[in-house]
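Observations on the model geometry
Residue-level listing of the chains:
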Amino acid sequence: MPDTTQSFSQLLLTYGPGAMLDLPDHAVVVSGLQGWHHGGQWQPIEEQRLVPLLRQQLAFGPEFEGLRPPPEHDDDRHDDRRPGVDVMVFPTWFTVEDVPAATGQAPATSETRRRMVEFEHLQTRGDRLSYVDSANGKRLGVNPIRFVGACAKGHLEDIDWRGLVHRGGDRSCRKPMFWVERGVSSDPSDISVQCNCGSRVTMADLYKPKFLGTCSALSPWLMPRYVAGESCIEDLRLLSRSATNTYFAQTVTVISLTRTDDRVRQTIDEHRQTVESLRSLPNFIQVLRSLPQTKEPFAPFSDQEIASALATMAEGGDSPSTNPRIAEFDALASGAPTIGYDDAGAFLFAETLDRTSLTLSAPWDGFIGNIVKVSRLREVTCLYGFTRLEPPPTPAESELDEIRLKVDGAPLDRQVKWLPAIEQFGEGIFLHVNPDFIRNWRDRADVVDHASELHRSEAQEAAHFNRPPRHLGVAYWALHSLSHALMAELALECGYPISSLKERIYASGAGQPERFGILIYTSTAGAQGTLGGLSGMAERLPEILAKAVQGLELCSNDPICADHHAGTDLDERPLHGAACHACILVPETSCEARNTRLDRGLLVSTLVGSKSAMFF
């Protein structure tokens, strides 16, 4: 099978372990981490807040080594240990192209019949699979079957086509089977699998609940694919290989932010895994200075400075149960004139703008606490599992003072020793929102009533997915809606398309220390990051905010959009208030919450009016 390359972000978010992938000549499933070969060419991704969080939330043992980037393709290497990711042929059932009708069969002209064969009956010529017709010796092409079986726990298996066709009959029958389609409608009742013995099953039958039986607990991307004694009580469900619900990556993302502008501590953070691996040596600082990857970064510091910084960092640190967003918010909202330091290898460099230099009129003089120009930041995204059929909760569905990783997804390996991650560099703007402004607005009677409506809508959505509700509060809904409007307006000014922008919302719930803010940023792979077009908009942010909010008053889908309320029983959008694709929905790559928890009626008075509007 020839090499096929994918970008790091594709391997992490779309075609990670357990994902089904169509290659030019094969349909495959991507191997678990046991089949990800780095060929000795990799550097650990250092992120001192994320690794402890993963250990604590996912209950990893001491064998967990940390984060690695996906294997990087090397055109110059052709040996057996070259970097790459293994794939396995899946599914193992195929339909044969242009096979002649069986003797004695005279199907209707509107009926298409294709012979079904298993992988073990195929031959390989070059990179292509083919089937040799036993009647005339003709070599025929094959296509993988379009449907497989999956369960809510992520297990995946071939459908037992023979068993289903011969249910209640002779299961030992081995006569040829055919994939039969009538007409051109593709209706499930017009598609069937038929055996020459006369038995048949239609696709409409396969969609019936419990028709496929119970899951067999197979994981074809892992080695071994089945562990003796393993069982699954979930019902097996029919899944199209090209459906959008075949793979939902479970990821966690942090922004690498330092607590201070101490360059010694940041250098240690950037090389933490190497430093920790040497700490037990009596002369580890000398060893640190001799290693190629750490010699130059630590050269400006004395032995005493390094030892003192390590001691200080050991005395206090973020609890692994703490949401990384708290540390991010506290760093960006500190009000310090300079945060981090301006250097090509720095993780963070940001500057808090002087409020006196900003022209702030009502209501922005009360709403804006500070504006921070983030000239450089580093984003680390880690893949720790995946789900099928139903998407997992987003990381945004945790309260700000905690983080809960969804731990019941499908595993990436039988024994996880490391996790794949990518680091990206970029820039952004942080808007620190005045907590007094939010508190005064949130305590208004009309807003309290609106918040109760949103609370019911979140409970309704959770009941639909059979999971406990997560209530993020009315402030999150409002700031999230404002973030989308701000991204749309920034995209018109800064030179980046809106699909390149991302958001992080900081909104405390009731009874938590008040933290409110919005980070709009862009990031890309490569150490150079981006070009400054977004952070350069920081000085103009009050003007851009005013335009963004004013544009929310009217939507081209009004009055239908404006009259939509979250939690209504009239449609399946309980987490949308006055929100649609014509106003504040953005590309899902830009939204941290899959375009949910949005309502422009919390910000402005819409066409049908809104008594809970934050502005105007």
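The present account deals with the structure reproduced in this document. Quick caveat: nothing in here was measured; it's all calculated off a predicted structure.

**Side note on the overall build of the chain**
Counting secondary structure elements, the chain contains 15 helices and 24 strands. The C-alpha radius of gyration of the chain comes to 28 Å, within 12% of the 25 Å expected for a compact globule of 616 residues. Taken along its principal axes, the extent of the C-alpha atoms in the chain is 90 × 70 × 45 Å. Once local pairs closer than 6 in sequence are excluded, the contacts in the chain between residues at least 24 apart make up 71%. Carbon and sulfur atoms provide 49% of the accessible area of the chain, an area that totals close to 28,000 Å². Distance between charge centroids for the chain: 6 Å, based on 60 positive and 81 negative side chains.

**Here's the deal with the sheet that holds strand β13 (residues 156–157)**
Across the sheet, three strands lie side by side as β13-β12-β17; this open sheet has antiparallel pairing. The outermost strands of the open sheet, each flanked by one partner alone, are β13 and β17 (237–240). Alignment of strand β12 (residues 147–150) against β17, held across four bridges, turns out to be antiparallel. By the bridge assignment, Val148 is partnered in β17 with Leu239.

**Examining helix α12 (residues 435–442)**
Three- or four-residue spacings in an α-helix give side chains the same orientation, since the helix completes a turn every 3.6 residues. Listed as buried for α12 are Phe437, Ile438 and Trp441. Projected down its long axis, α12 carries its buried residues within an arc of 95°, all on one side. Buried residues along α12 sit against α11 (364–367), β22 (418–433), α13 (445–464), α14 (474–494) and β24 (516–524). The opening residue of α12 is Asn434, an N-cap whose side-chain oxygen sits 3.0 Å from the backbone nitrogen of Asp436.

**So, the nonpolar core**
Grouped together as the largest cluster of nonpolar side chains are 58 residues, with contacts concentrated most on Phe367, Ile371, Leu479, Leu490 and Met614. If one sorts the elements of this core by residue count, α14 sits on top with 13 residues. Leu23, Leu389, Trp418 and Leu419 belong to the second largest nonpolar core, which has 44 residues in total.

**Considering unusual backbone geometry**
Excluding glycine, most residues fall at negative phi; most peptide bonds, likewise, are trans. Of note, the bond from Met223 into Pro224 is cis; its omega dihedral lies within 30 degrees of zero at -5°. With respect to the element layout, Pro224 can be found in the loop between α4 (203–206) and β17. Omega for the peptide link from Asp558 to Pro559 comes to 5°, which places this bond in the cis form. Residue placement: Pro559 occurs in the segment after α15 (541–550).

**What to know about the layout of surface pockets**
Taken as a whole, the second largest pocket spans an internal volume of roughly 950 Å³. The set of elements that each furnish at least two residues to the lining of the second largest pocket consists of α1 (8–13), α5 (263–270), α8 (292–298), β21 (368–387) and β22. Broken down by element, the lining of the second largest pocket gets its largest block of residues, five residues, from β22. Its residues assigned to classes, the lining of the second largest pocket shows 18 nonpolar, 10 polar and eight charged.

**Structural notes on the pairing of strand β7 (residues 93–96)**
On β7, burial covers both faces: Trp93 and Thr95 on one face and Phe94 and Val96 on the other are all buried. Pairing of β7 with strand β8 (residues 111–118), which is carried by three bridges, proceeds in the antiparallel orientation. Paired with Thr95 across the two strands is Met116, which belongs to β8. Taken together, the three bridges between β7 and strand β11 (residues 139–144) define a ladder with antiparallel strand orientation. Looking at β11, one finds that Thr95 is bridged to Asn143.

**What to know about the sheet that holds strand β2 (residues 27–30)**
Ordered by their spatial adjacency, three strands build an open sheet running β1-β2-β6, and the pairing between neighbours is antiparallel. The sheet terminates laterally at β1 (20–22) and β6 (87–89), the two strands that pair on one side only. Strand after strand, the sheet turns through a mean of 40° between neighbouring axes, direction not considered. As paired strands, β1 and β2 are joined by three bridges and run antiparallel to one another.

**Here we look at the packing of α14 against α15**
Contact geometry for α14 and α15: axes closest at 9 Å, N-to-C directions at 115°. When the axes of α14 and α15 are compared, the pair comes out roughly perpendicular. Our pair here, α14 against α15, has a crossing hand that is right-handed. Between α14 and α15, the contacting residues are Leu482, Ala485, Leu486, Glu489, Leu490 and Glu493 on the first element and Leu541, Ile544, Leu545, Lys547, Ala548 and Val549 on the second. Partitioned by chemical class, the residues of the contact of α14 with α15 number nine nonpolar, no polar and three charged.

**Structural notes on the state of the cysteines**
Within the structure shown, the criterion is met by zero disulfides. Here Cys195 is not cross-linked by a disulfide; its sulfur's nearest cysteine counterpart is in Cys197, at 3.4 Å. Cys561 takes part in no disulfide bond, and the closest cysteine sulfur to it belongs to Cys580, at a distance of 3.7 Å. On the basis of relative accessible area, Cys561 is assigned to the buried category, the value being 5%.

Definitions and limits used
- Residues numbered from 1 in each chain as written.
- Predicted model: local features only at pLDDT ≥ 70, side-chain atom pairs only at ≥ 80, totals over all residues.
- Heavy atoms only, no water.
- Helix = DSSP H or I, 4+ residues; strand = E, 2+ residues; numbered from the N terminus.
- Rg over C-alpha atoms; globule rule 2.2 N^0.38 Å.
- Contact = heavy atoms within 4.5 Å.
- Areas by Shrake-Rupley, 256 points an atom, 1.4 Å probe, with all protein chains shown as cover.
- Lys, Arg positive; Asp, Glu negative; His and termini not counted.
- Charge placed at Lys NZ, Arg CZ, Asp CG, Glu CD.
- Pairing = 2+ DSSP bridges.
- Buried < 20%, exposed > 50% of the residue type's maximum accessible area, 1.4 Å probe, protein only.
- Arc of directions from axis to C-beta.
- Polar contact = N/O pair within 3.5 Å; in protein donor to acceptor, adjacent residues only side chain to side chain.
- Core = buried A, V, L, I, M, F, W, Y, C linked by side-chain atoms within 4.5 Å.
- 1 Å grid on protein atoms, 1.4 Å probe; cavity = no way out; pocket = protein on both sides within 12 Å on 5 of 7 lines; lining within 4 Å.
- Points joined across faces, edges and corners; volume = space filled by probe spheres on them.
- Nonpolar A, V, L, I, M, F, W, Y, C, P; charged D, E, K, R; others polar.
- Axes fitted to C-alpha atoms, helices over the stretch in contact; angles between N-to-C directions.
- Parallel < 35°, antiparallel > 145°, perpendicular 65-115°, else oblique.
- Left-handed = near helix turned anticlockwise from the far one by under 90°.
- Disulfide = S-S within 2.5 Å.

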